[in-house]
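Structural description and commentary
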Amino acid sequence: MSAFVGVLVSDPWLQSQFTQVELRTLKSKFISTRNQSSGHVRVGDLPPVFAKLKALSETFKEDEITTMLGESYKDMNEEIDFEAFLRAYLNLQGHEKAKSGVSRSSSFLKATTTTVHHAINESEKASYVAHINSYLAEDKFLKNFLPMDPVTNALFDLAKDGVLLCKLINVAVPGTIDERAINTKKVLNPWERNENHTLCLNSAKAIGCTVVNIGTQDLVEGRIQLLADLNLKKTPQLVELVDDSNDVEELLGLPPEKVLLKWMNFHLKKVGYEKQVTNFSSDLKDGEAYAHLLNALAPEHSSPSTLDTKDPTERANLVLEQAEKLDCKRYLTPKDIVEGSPNLNLAFVAQIFQHRNGLAVDSKKMSFAEMMTDDAQTSREERCFRLWINSLGIPTYVNNVFEDVRTGWVLLEVLDKVSSGIVNWKLASKPPIKMPFRKVENCNQVVKIGKELNFSLVNVAGNDIVQGNKKLILAFLWQLMRFTMLQLLKNLRSHSQGKEITDADILCWANNKVKKAGRTSQMESFKDKNLSTGIFFLELLSAVEPRVVNWSLVTKGETEEDKKLNATYIISVARKLGCSIFLLPEDIIEVNQKMILILTACIMYWSLQKPAEESEDNEVTDGSPMDGESETSLSREVSDLAIDDAASDSSSQVEEKNDPDKE
C-alpha cells in the first residue's frame, strides 16, 4: 500500500490556502455532491452545499450565494472540477470578508500549517515565548532552537513542524503523547509535518482543549497546565470557598476561570476589598485588586507603597515584584496589567494560585470535599463523556457532566448533533433556567427521544436527570454514544444497502488486514487477553499504513512496563494517522472489551475512508464495496467515537435503578 499523502491539487497556491483537514472536508462535500448529481458537479449544485458551511452560512443565504456565483459563471449548468469548486469557495470567502468588514479564521478545524489569521498580541507572544524558553530549555530536540527571541517570528517558524506543539501538550499533561511517535528530523516533508499537526490536534482534544478555530497561540499558552489544579479533586482545600453542599455542587460545575475568580474574591473580601472582580481585564487594570490579594496571601512581602502610589503602571510593577518573591515567573509586564490583557492576567492569577492559594486545611471541610468528589471509576467515566461531548462541537462547553446536564439543554444539543432534527426546540428552555419545572420539561424530552431511539430507559423520568442521578446519567450517555457509533457505521455502509457493520465484521476485517500484510497475529475476540501486549494493534496500524510504525521502538510486551510502552505508542500512532481517540494505555493493557472494539473500528474507518486508489481494503467482510471517499466529516465523527468508555453496560445500569438487590 502506498503512503497516505492527503488531498493534493495541481495549483501550489491553491493548495496553500487550505489545511489538509479543510481539503478533506471540502473534497468530501464535492464527492457527496457528485454522487447525488449522477457523477457530475455543476455550478448550480453549489449554493445549497456552500450555504450549509458555517464559514458562509452566518453571512449569506442560499439565494445570495446563487447570485454571487452567477456573477462568476454565466452558465449555472457548467460542469466544474474539484479545483474550480475550491476557487468558488475562496471567492465566496472574499465576499464574506468584504461584507462583514472583519477577517475571520475559517470555521474549519484549524491545523497549524496555515498562516495565523488571529490578531497577534505582541505582549502575549512574548509571554508564550518566555513560557516555552523556560519549560522546554532542556528538551533534547528543541534546545537547539531555544531560547527564542520574542521580537522575531521564531515562535511561529518553530511551530510549523508541529514538534513544538506536541512537546507543549506534554508539558501541560505529561505523558499524553508518546514522543517516539513525533517526527523529529531536522527537515520534515509536508506529510510528516501534517502527521505531527494531526497528532497534536487529536492529543489536544484528548486533554480537553477546544480545537475549533485553533491557531498556534491557542496551544502554546499553556492554559490546560495553568488551570489543571482548579478542581476539588486536585485541590480539595477549595471547599473553603463555599458554605454548604449546594454551594459545593455549584463549585463542581464551574469552569476553572470562574473558580479562580471565586478564589480571588474570597481572599479580597477577607481583607476588606469592597469591589467584586468579575473578569481578568477591566477589573484588574488599576492593580488595586492584585495589591490587596498579594497582601492577603503574602503579608511578609507586602509594602504600603503598592497601595499608596497613584500611578497604575507603578503599582503594577510593584505587584509583579511582590509576585516574583513567591517564585511567580514574570510572563507579563506592567503595561499588560494596565491595558487589561485577559489571557495574561488569567495566567498571572493562576500562577499566584499555584504558588500560594492561602486556603486552610480544615479537616471537617476536607472530609466533606472528599465525600463530594467521585471515586476513580466514576471520575474516569465522567472524563470520557465530557471529552466526547466537547469534541462534538456543540455550542455549550461542558466542564462537569453531572452538573452541566441537569438542565437537559446539553443533552438536547448532543441529541440534535448526532441526529439532526430530532429535538423539538420549541418545547425546550435555554439556560439560565430559573423555574425548576422547565428543567424537568427539557429532561423529559431527552428521555422521550431516548425511548424513540430504543434506549433502555426502564422507569427513568426526566426528574432523575434533574436530580443528578449519576448512575442514570452515565447509562444514558453510554447508550447515546453507542447509538452514534452504530449510526455512523451504518452510514459508512451506505453503499451496501444500509446493512450495519457488526462486531464480527470489524473483528474479521482486522484479522484479514493483519493476515494480508504477512503478519501472524490474530485476535480471537475483543476480550482476547493476548491483546494486552499491543503487538496485534501495532501490526494492524502497520498494515493500514506501513511507514507509520517504527518497529525498532516496539517491545515484546512480556512485562507490564513493556506493555505500557507499546500501549502508549499505539495511541499516539493512531492519533498521528487521524484517529481522534480518548482511550488510555490501561484500556489496552487491561483489554477493556468496549475500548478494544471501538479502537479497532476507528482504525478500520480511517483505513476505509482513504481514497480508493490508496486503499487495498475497499471491501468489507461480506464483499460489499465500500466507498473509499465517503464523507470526511463523517469519518472525523466516527473517529471521535473511540471514547474512553469505562462505563459499564448501560442497560443493566438503568434497569438496576429500582432493584434493591443491586443497591
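Note that the coordinates shown come from a computational prediction; the quantities given were computed from them, not determined experimentally.

Time to look at the overall build of the protein chain. Secondary structure assignment for the protein chain yields 33 helices and 0 strands. Relative to its 663 residues, the protein chain shows a buried fraction of 54%. Here the contacts in the protein chain between residues at least 6 apart in sequence split such that 65% fall between residues at least 24 apart. As displayed, the protein chain offers around 29600 Å² of accessible surface, 49% of which is attributable to carbon and sulfur atoms.

Let us look at the pattern of salt bridges. Opposite charge on two side chains makes pairing possible when the charged atoms of those side chains draw close. Overall, the coordinates contain 16 salt bridges when judged by the stated rule. Linking K275 and D286 is a salt bridge whose minimum nitrogen-to-oxygen distance equals 3.9 Å. On the criterion of sequence distance, the pair formed by K275 in the loop between α14 (256-270) and α15 (288-297) and D286 in the loop between α14 and α15 is long-range, its members being 11 residues apart. Residue class for K275 comes out partly exposed when judged on its relative accessible area of 48%. A salt bridge links E288 to K275, with the nearest nitrogen and oxygen atoms 4.0 Å apart.

So, about α14. The end-to-end C-alpha distance of α14 is 21 Å, a good match for the 21 Å that 15 residues give at a rise of 1.5 Å each. Listed in full, the buried residues belonging to α14 are E257, V259, L260, L261, W263, M264, N265, F266, H267 and L268.

Turning to unusual backbone geometry, a few remarks are in order. Of note, the amide linkage connecting L146 to P147 takes the cis form, showing an omega dihedral of 0 degrees. Here P147 lies in the loop between α7 (122-135) and α8 (154-159). In this chain, P431 is followed by P432 through a cis amide linkage whose omega measures 0 degrees. Relative to the assigned elements, P432 resides in the loop between α23 (409-418) and α24 (436-452). For N454, which is not glycine, the phi dihedral falls at a positive 65 degrees. Turning to its location among the elements, N454 is positioned in the loop between α24 and α25 (462-466). Since its relative accessible area comes to 71%, N454 is described here as exposed. Even without a glycine there, the phi angle at N459 is positive, about 60 degrees. Inspection of the secondary structure puts N459 in the loop between α24 and α25. Overall, N459 belongs to the exposed group, its relative accessible area being 52%.

Time to look at the packing of aromatic side chains. Any aromatic ring pair is given by two values, namely how distant the centres are and how the planes are angled relative to each other. This model, assessed by the stated rule, comprises 12 aromatic pairs. Residues F50 and F85 carry aromatic rings whose centres are separated by 5.2 Å and whose planes lie at 40 degrees to one another, so their mutual orientation is tilted. A residue pair is termed long-range when its members are at least 10 positions apart, and F50 in helix α3 (residues 46-50) and F85 in helix α6 (residues 82-100) qualify at 35 residues. When the ring of W263 is compared with that of F353, the centres are 5.2 Å apart and the planes differ by 85 degrees; the resulting orientation is edge-to-face. Taken together, the positions of W263 in helix α14 and F353 in helix α19 (residues 342-355) put the pair 90 residues apart, joining distant regions of the chain. Side by side, W263 and F353 carry an identical accessibility label, which is buried. Grouped by ring-pair contacts, the aromatic residues F30, F50, F82, F85 and Y89 constitute a single cluster. Across from the ring centre of F82, 5.3 Å away, lies the NZ or CZ of K27, which sits over that ring.

L164, F537 and L541 are the most contacted members of the largest nonpolar core, which totals 69 residues. Per-element tally for this core: the top contributor is helix α31 (residues 593-608), with 10 residues. Not counting residues within four places of it along the chain, the set of residues in contact with F537 comprises L531, I570, I596, L599, T600 and I603. Grouped together as the second largest cluster of nonpolar side chains are 43 residues, W409, V418, F455 and L472 included.

Quick look at the state of the cysteines now. Per the counting criterion, the structure on display carries 0 disulfides. C200 takes part in no disulfide bond, and the closest cysteine sulfur, belonging to C166, lies 5.0 Å away.

The N-to-C vectors of helix α27 (residues 503-516) and helix α28 (residues 535-544) enclose an angle of 70 degrees; their axes lie 9 Å apart at closest approach. Considering their axes alone, α27 and α28 lie roughly perpendicular with respect to each other. Contacts from W509, A510, N511, K513 and V514 in α27 reach F536, E539, L540, A543 and V544 in α28. Its residues assigned to classes, the contact of α27 with α28 comprises 7 nonpolar, 1 polar and 2 charged.

Turning to the confidence of the model for the protein chain, a few remarks are in order. Close inspection of predicted coordinates is inappropriate for parts of the model with low pLDDT. Per-residue confidence for the protein chain gives a mean pLDDT of 78; residues scoring 70 or more make up 76%. When the criterion is pLDDT under 50, residues 1-5 qualifies, and its contacts beyond four places in sequence or with other chains add up to 22 contacts. Predicted confidence for residues 101-119 stays below pLDDT 50, and this span has 50 contacts to residues more than four positions away or in other chains.

The angle between the axes and the distance between the axes are what describe a pair of packed helices. Two elements in contact, α15 and helix α17 (residues 312-324), have axes separated by 9 Å at closest approach and are oriented at 30 degrees. Our classification of the angle between α15 and α17 gives roughly parallel. With respect to the hand of their crossing, α15 and α17 are arranged in left-handed fashion. Contacts between α15 and α17 pair E288, Y290, A291, L294 and N295 from the former with R315, V319, Q322 and A323 from the latter. Residues of the contact of α15 with α17, tallied by class, amount to 5 nonpolar, 2 polar and 2 charged.

Time to look at the side chain of E192. For E192, the location among the structural elements is in helix α10 (residues 190-206). Of the polar contacts made by the side chain of E192, one reaches the side chain of K185; its length is 2.9 Å. Those residues in contact with E192, other than ones at most four positions away along the chain, are N183, K185 and V187.

Moving on: the environment of G468. Mapped onto the elements of the fold, G468 is located in the loop between α25 and α26 (470-492). Each C-alpha atom of the pair G468 and V405 lies 8.1 Å from the other, and the pair is 63 residues apart in sequence.

The next point concerns α28. Most of α28 sits out of view: 10 of its 10 residues are buried. In this structure, the buried side of α28 is in contact with α27, α29 (560-577) and α31.

Scoring rules and cut-offs
- Residues numbered from 1 in each chain as written.
- Predicted model: local features only at pLDDT ≥ 70, side-chain atom pairs only at ≥ 80, totals over all residues.
- Heavy atoms only, no water.
- Helix = DSSP H or I, 4+ residues; strand = E, 2+ residues; numbered from the N terminus.
- Buried < 20%, exposed > 50% of the residue type's maximum accessible area, 1.4 Å probe, protein only.
- Contact = heavy atoms within 4.5 Å.
- Areas by Shrake-Rupley, 256 points an atom, 1.4 Å probe, with all protein chains shown as cover.
- Salt bridge = Lys/Arg side-chain N within 4 Å of Asp/Glu carboxyl O.
- Expected span 1.5 Å × (residues − 1).
- Phe/Tyr/Trp six-rings, centres within 6.5 Å; stacked < 30°, edge-to-face > 60°.
- Lys NZ or Arg CZ within 6 Å of the ring centre and 35° of its normal.
- Core = buried A, V, L, I, M, F, W, Y, C linked by side-chain atoms within 4.5 Å.
- Disulfide = S-S within 2.5 Å.
- Axes fitted to C-alpha atoms, helices over the stretch in contact; angles between N-to-C directions.
- Parallel < 35°, antiparallel > 145°, perpendicular 65-115°, else oblique.
- Nonpolar A, V, L, I, M, F, W, Y, C, P; charged D, E, K, R; others polar.
- pLDDT = per-residue confidence, 0-100.
- Left-handed = near helix turned anticlockwise from the far one by under 90°.
- Polar contact = N/O pair within 3.5 Å; in protein donor to acceptor, adjacent residues only side chain to side chain.

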